[in-house]
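# Working through the structure, step by step
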Amino acid sequence: MPRPLIHRLVHAGLVLGAFSLCFGIVAGARAQTELLNVSYDPTRELYREINAAFIAEWNAKNAKKITTIRQSHGGSGAQARTVIDGLNADVLTLALAGDVDAVAQRSKKLPENWQSRLPQNSSPYTSTIVFLVRKGNPKAIKDWGDLVKPGVQIITPNPKTSGGARWNYLAAWAYAEKAFNKDDAKVRDYVAKLLANVPVLDTGARGATTTFTQRGIGDVFLSWENEAFLALKEFGPDKFDIVVPSLSILAEPPVAIVDANVDAKGTRAEAQAYLDFLYTPKGQAIIAKHFYRPRNPEAADPKDIANFPKVDLVTIDAVFGGWAKAQATHFGDGGTFDQLYKPAR
Amino acid sequence: MSDATLPRHDAAAAPAPAAKPQSARSVVGESPIIQAALITVSLAFLLLFLLLPLITVFVEAGARGWSGYREAITEPDAVSAIRLTLLVAAIAVPFNVVVGVAAAWAIAKFEFRGKNLLISLIDLPFSVSPVISGLVYVLLFGAQGYLGPFLRANGIEIIFALPGLVLATIFVTFPFVARELIPHMQAIGSTDEEAALTLGASPWRVFFSITLPNVKWSLFYGVLLCNARAMGEFGAVAVVSGKIRGLTNTMPLHVEILYNEYMSAAAFAVASLLAGLALVTLALKALLEWRYGDAIAASRRH
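What you see is a predicted model, and the numbers here were worked out from it, not measured in a lab.

Residues and elements named next belong to chain A. Pairing is mixed across the open sheet formed by four strands, whose spatial order is β6-β7-β5-β8. Of all the strands in the sheet, the pair left with one neighbour each is β6 (154-155) and β8 (240-243). Across four bridges, the pairing between strand β5 (residues 129-134) and β8 is antiparallel. Looking at the pairing, Arg-134 lines up with Phe-240 of β8.

Residues and elements named next belong to chain A. Helix length check: helix α2 (residues 44-61) (18 residues) gives 26 Å between terminal C-alpha atoms against 26 Å at 1.5 Å per residue, within 8%. Taken together, the buried positions of α2 are Leu-46, Ile-50 and Phe-54. The buried side chains of α2 occupy one side of the element, clustering within an arc of 35 degrees when seen end-on. Set apart from the buried face of α2 by more than 90 degrees, the exposed residues are Ala-52, Ala-56 and Ala-60. Of the surrounding elements, those touching the buried residues of α2 are α11 (268-279) and α12 (281-289).

Moving on to the interface of chain A and chain B. Taken residue by residue, the interface counts 32 residues in chain A and 30 residues in chain B. Mapped onto the side of chain A that touches chain B, the elements with two or more residues apiece are α1 (2-29), β2 (68-74), α3 (76-84), α4 (97-107) and α8 (205-213) of chain A. Residue contributions to the side of chain A that touches chain B peak at twelve residues, all from α1(A). Residues of the side of chain A that touches chain B, tallied by class, amount to eight nonpolar, 17 polar and seven charged.

Ranked by internal contacts, the top residues of the largest apolar core, which has 155 residues, are A:Val91, A:Leu92, A:Leu170, B:Val240 and B:Val270. Each residue touching B:Val270, except ones within four places of it in the same chain, is listed here: B:Ala72, B:Ile73, B:Ala78, B:Met251, B:His254, B:Val255 and B:Leu258.

Quick look at the sheet that holds strand β10 (residues 255-257) of chain A now. Residue and element names in this part refer to chain A. The mixed open sheet is built from four strands, whose spatial order is β2-β1-β3-β10. Two strands close off the open sheet at either side, each with one partner strand: β2 and β10. Across the sheet, the mean angle from the axis of one strand to that of its neighbour is 20 degrees, orientation sign disregarded. For strand β1 (residues 34-40) and β2, the ladder comprises seven bridges, and the chain directions are parallel. Bridging across to β2, Ser-39 finds its partner in His-73. Helix-sheet contacts for α11 involve β1, β3 (91-93) and β10, and the interaxial angle to β10 is about 165 degrees.

This part covers the pairing of β2(A). Within β2(A), six of the seven residues are buried, leaving the element largely enclosed by the surrounding structure. At this point the chain moves from β1(A), through α2(A), to the parallel β2(A), and the crossover so formed is right-handed.

Residue and element names in this part refer to chain A. The backbone of Ser-122 shows a phi angle near 60 degrees, a positive value even though the residue is not glycine. Along the chain, Ser-122 falls in helix α5 (residues 119-122). By the C-beta count within 10 Å, which is 21 here, Ser-122 ends up buried. Positive phi outside glycine occurs at Asn-137, with the angle close to 50 degrees. Judged by C-beta crowding, with 17 C-beta atoms within 10 Å, Asn-137 ranks as partly exposed.

The rules behind the values
Residues numbered from 1 in each chain as written. Chains lettered and ligands numbered in written order. Predicted model: local features only at pLDDT ≥ 70, side-chain atom pairs only at ≥ 80, totals over all residues. Pairing = 2+ DSSP bridges. Helix = DSSP H or I, 4+ residues; strand = E, 2+ residues; numbered from the N terminus. Expected span 1.5 Å × (residues − 1). Buried ≥ 20, exposed ≤ 12 C-beta atoms within 10 Å, placed from the backbone. Arc of directions from axis to C-beta. Contact = placed C-beta atoms within 7 Å. Nonpolar A, V, L, I, M, F, W, Y, C, P; charged D, E, K, R; others polar. Core = buried A, V, L, I, M, F, W, Y, C linked by C-beta atoms within 7 Å. Axes fitted to C-alpha atoms, helices over the stretch in contact; angles between N-to-C directions. Right-handed = clockwise from strand over helix to strand, strands pointing away.

Right, here's the structure in full:
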């Protein structure tokens, strides 16, 4: 009795499997005017709005319509890694130039001089690192020096995978160099003590934000300025305070076209227009609205600009001699981070 | 593999009472107070660590009301995640059924060199961390991987596309069907098949009329478990997905993304679908055991 039934079932399963496999491959290969923006963690909300505005503007002017701009988000270093491994990104919008450099060097999909192809070091917006503390600042954290006090728990992601964390690390380092007059031993001692106060290292900025805000771990969160403002907006200003340290670092998150991918897909014009859009007054206004510092503040709503506190910002070129050098000295295998970070027991 | 000869569901399915000549109390010799304490502790544990988290999922999912819930699961990225998850399972599960049945059949009914090696290989996905399962495919098929240049030259996308997701899922869920079938088939033995062969049945006929029907319940369990894991897999899939929303984002990955975007209610709404799937799986299993318990036990006693 069961013979024909089971026979048929197996048959149907095989046919269904084969059919869906073919269908999947065909669907994957179908050409569409779609862009893929591979970005870092905190830009989710920013690019959701940028994408909608850009698609509307592009489609009003061009016959070849853009249907969707797809987003992929994660820790900046991890995202670079997936693009090196073959993720078909049209544009990279990562947290730091070092990660785009890594893609350029290892995949050869974009030229090594990519950063000079767009204005202002290919960074349409900047940001900096601030402290997010619990309401009322119970541990009285005012500046970088307070972070190494015993009993202060610091939340920061892992500099090996997160761009934001590398900015955190370098900002702390820059502060220490200034505070200890470039006494190398004291700088290292300071950074080691700071790292000893970190209970967990998340892989990306957003994971670290969730650790601090939703899971309630830690006293102070070293955060992208935009991420700190977003946390205030999401959870209400009665939960957290932003503390602006005496000195911080000018973070320039860069954007770049992945030449080999756009040429293969035939999307170069769209990708170029997409990145150019970020520099337009409309793009700059959206950028400021999402708490990134626009390059052109006049284009933005003055109310948004008033949010940004005045901070003494050092640049990576002045203090560390550029990303390539900072990356090798501090975050490469056996760099200062590897030397100074000792996971708690 | 010592457990290969012990059918896993025997404890639940076999009619045990006959094997219990004395009352349990006198054998164990524990006082009723200790028994009660032990039972309370186990029950509290089950409640606290299994039932409560499950309830939390549904409570959180409903935090924004029915309309919020519907919005979360009908939003285009969520729909595409659900479709992708179902598609991946629809490919991976039938594949694993065919290969799992073939492997179990070979192992249970025949003696050959390298049999133990084959059994170990089938168990490999259980013992390897899912992250590694994903990474090996990146190493093989990624742009910098061994086959990367060849694939790129021929315009074949595997990693960060559907085929990669399917491969990773097949790898992770491979043991479920075979692991269910092997002990059962071994316990049944080959006498039925031998009888059918001496009566002149063709090997295919023997397989479809004797071998498969004999193990249909184990096969069904295997498929249920395999399917549940295929839809729920996170680690391996996260590595090969590339996390492109609306394209290579499966339901478990979508849950994480939503949660990270401060949309907990939406995250738990999608999570509740996954949890619902688990409940349906359990309910189906319980229903079968209740309705066909005798048949299952009989087929296992053989």
